[in-house]
Amino acid sequence: QVQLVESGGGLVQAGGSLRLSCAASGRTFSKNTMGWFRQAPGKEREFVAMISWSGDNIYYSDSVKGRFSISRDNAKNTMYLQMDSLKPEDTAVYYCAADGTPYNLEYHAHEYDYWGQGTQVTVSS
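Residues numbered from 1 in each chain as written. Predicted model: local features only at pLDDT ≥ 70, side-chain atom pairs only at ≥ 80, totals over all residues. Heavy atoms only, no water.

### Points about the state of the cysteines
Point 1. For the coordinates displayed, the defined rule picks out 1 disulfide.
Point 2. Across the disulfide from Cys22 sits Cys96; the S-S distance is 2.1 Å. Between Cys22 and Cys96 the disulfide shows an S-S torsion of about 60°. By sign, it is right-handed. In this pair, Cys22 is assigned in strand β3 (residues 18–25) and Cys96 in strand β9 (residues 92–98), connecting sequence segments 74 residues apart. For the pair Cys22 and Cys96, a shared accessibility class is recorded, and that class is buried. (Disulfide = S-S within 2.5 Å. Helix = DSSP H or I, 4+ residues; strand = E, 2+ residues; numbered from the N terminus. Buried < 20%, exposed > 50% of the residue type's maximum accessible area, 1.4 Å probe, protein only.)

### Observations concerning the packing of aromatic side chains
For any pair of aromatic rings, geometry is given as the distance between the ring centres together with the angle between the planes.
Point 1. Per the stated rule, a full pass over the model turns up 7 aromatic pairs.
Point 2. When the centroid spacing of 5.3 Å and the interplanar angle of 85° are considered together, the rings of Trp53 and Tyr103 count as edge-to-face. Of the two residues, Trp53 sits in the loop between β5 (46–51) and β6 (58–60) while Tyr103 sits in the loop between β9 and β10 (114–115), which places them 50 residues apart along the sequence.
Point 3. Judged by relative accessible area, which is 48%, Tyr103 ranks as partly exposed.
Point 4. Ring centres of Tyr59 and Tyr107 lie 5.3 Å apart, and the angle between their planes is 70°; this geometry places the pair in the edge-to-face category. Here Tyr107 lies in the loop between β9 and β10 and Tyr59 lies in strand β6, a separation of 48 residues in the sequence. (Phe/Tyr/Trp six-rings, centres within 6.5 Å; stacked < 30°, edge-to-face > 60°.)

### Side note on the pairing of β3
Point 1. The sheet contact formed by strand β1 (residues 3–7) and β3 spans 5 bridges and is antiparallel. Bridging across to β3, Glu6 finds its partner in Cys22.
Point 2. Pairing analysis gives 6 bridges linking β3 to strand β8 (residues 78–83), with the strands arranged antiparallel. Across the sheet, Leu20 pairs through a bridge with Leu81, a residue of β8. (Pairing = 2+ DSSP bridges.)

### Details of the pairing of strand β4 (residues 34–39)
Point 1. Across the 6 residues that make up β4, a large majority, 5, are buried.
Point 2. Direction of pairing for β4 relative to β5: antiparallel, over a ladder of 5 bridges. Bridge assignment links Met34 to a residue of β5, and that residue is Ile51.
Point 3. Hairpin geometry of β4 and β5 is characterised by an intervening segment of 6 residues between the two adjacent antiparallel strands and by a positive phi of about 75° at Gly42.
Point 4. Two elements, β4 and β9, share 6 bridges in a ladder whose sense is antiparallel.

See below:
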């Protein structure tokens, strides 16, 4: 059974930092794009960042560019999201996702096949 498990969320003051982890089990994603999405109350799920299988292709949403950094360790089957200079508008449930098809670059939620259960990030002002 394939599982993605996020960790590292929590409550932080504006300007602070958090590091999210996404640990995969049940299969390897070393040849697959992985990404982070978030969903705030009353809003649609939105793209945050994605990273290709090799790490050579990385993309961020404009809202987090320059503040967040995505990375992965294929040997550990784990992806990370370093979040710095956090703002109250970053408050959301953060989800990690993985594409089931190898060597595809994916940017939209519907293109990902596997999802974690989400981890809450709350930024206080």
